[in-house]
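# Summary of structural features
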Amino acid sequence: MPFHRLTLFALALMATPAMAAPAFLDGSPTQSLAFDIIRRGETIGSQSLVFRQHQGVTEVHIDVSVKVTALSFTTYRFEQHGTEIWDGDRFKTLNMESDDNGERHNVVAELVQGKLRTTVDGKSADYPEMPPASLWRAVPPTTAVVLDPVDGTPTPISTTDAGWETITVRGKPIRAHHWIWGGEMKRDLWYDANDALVQIHIMGDDGSQVVYVLR
């Protein structure tokens, strides 16, 4: 087994604490979150998350669509559609189709006997248990590895608690908990007092900032 994969195994084994259920999933059978994705003041896409709960199981439907244009030509396109299933506080399965500007992947992940079994484009591998990097749910601060739902890669991260801040959401100031992801998957994430994701900042490859704004 390659050294880098051994390292990922060790990191994941050290960082799989229980994840508390977000308070915004208050037992209602259906909840939803929807974001506009904005770059340089222009809306370039959207993300929707629909949560359905039944007998302690939460099914999350995720849909993302992004299109960047310049002079009426499409310069970048991203599509992602799929589902996650959580049994109480524990991630159980993921099935995701992604098209990253023509690079397509199908990622299937399932928790089997304490290991995360992944099948990416028909090729299978087993990893220690880890959460997916779908962002709607804050990960514990000790989390060292997440599963990239785009290509099924275990990805090292670091998390920094930046404290509570006042931000504007839906035109009103609210207090939100700011978390910063470092490493290979840099993100700034804000969650409200009920643990609902309310804002995301991502630095684009071209240095522009992409902002997810809650509708």
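Here the structure is shown first, and the text comes after it.
Figured I'd write up the structure that's included with this text. (Residues numbered from 1 in each chain as written. Predicted model: local features only at pLDDT ≥ 70, side-chain atom pairs only at ≥ 80, totals over all residues. Heavy atoms only, no water.)

## Some thoughts on the nonpolar core
The biggest cluster of nonpolar side chains holds 52 residues, and the ones touching the most others in it are Leu-49, Phe-51, Trp-136 and Trp-181. The greatest single-element share of this core, amounting to 5 residues, is contributed by strand β3 (residues 57-70). Aside from chain neighbours lying at most four places away, what touches Trp-181 is Ala-133, Leu-135, Val-139, Val-146, Ile-157, Ser-158, Thr-159, Lys-186, Arg-187 and Leu-189. (Core = buried A, V, L, I, M, F, W, Y, C linked by side-chain atoms within 4.5 Å. Buried < 20%, exposed > 50% of the residue type's maximum accessible area, 1.4 Å probe, protein only. Helix = DSSP H or I, 4+ residues; strand = E, 2+ residues; numbered from the N terminus. Contact = heavy atoms within 4.5 Å.)

## Re the layout of surface pockets
Volume-wise, the largest pocket comes out at about 1100 Å³. Lining the largest pocket are 37 residues, and of these Tyr-76, Phe-78, Asp-100, Arg-187 and Ile-202 sit closest to its centre. Those elements that provide at least two residues to the lining of the largest pocket are β1 (30-39), β2 (42-54), β3, β4 (73-87), β5 (90-100), β6 (103-112), β13 (197-203) and β14 (209-214). When grouped by side-chain class, the residues that make up the lining of the largest pocket number 21 nonpolar, 6 polar and 10 charged. (1 Å grid on protein atoms, 1.4 Å probe; cavity = no way out; pocket = protein on both sides within 12 Å on 5 of 7 lines; lining within 4 Å. Points joined across faces, edges and corners; volume = space filled by probe spheres on them. Nonpolar A, V, L, I, M, F, W, Y, C, P; charged D, E, K, R; others polar.)

## Here's the deal with the packing of aromatic side chains
Tallied over the full model, the rule gives 5 aromatic pairs. With a centroid separation of 6.5 Å and an interplanar angle of 65°, the aromatic rings of Phe-35 and Tyr-212 are classed as edge-to-face. With a gap of 177 residues between them, Phe-35 in strand β1 and Tyr-212 in strand β14 connect regions that are remote in the sequence. Accessibility classification places Phe-35 together with Tyr-212 in one group, the buried group. Note that Arg-137 overlies the ring of Trp-86, its terminal NZ or CZ placed 4.0 Å from the centroid. (Phe/Tyr/Trp six-rings, centres within 6.5 Å; stacked < 30°, edge-to-face > 60°. Lys NZ or Arg CZ within 6 Å of the ring centre and 35° of its normal.)

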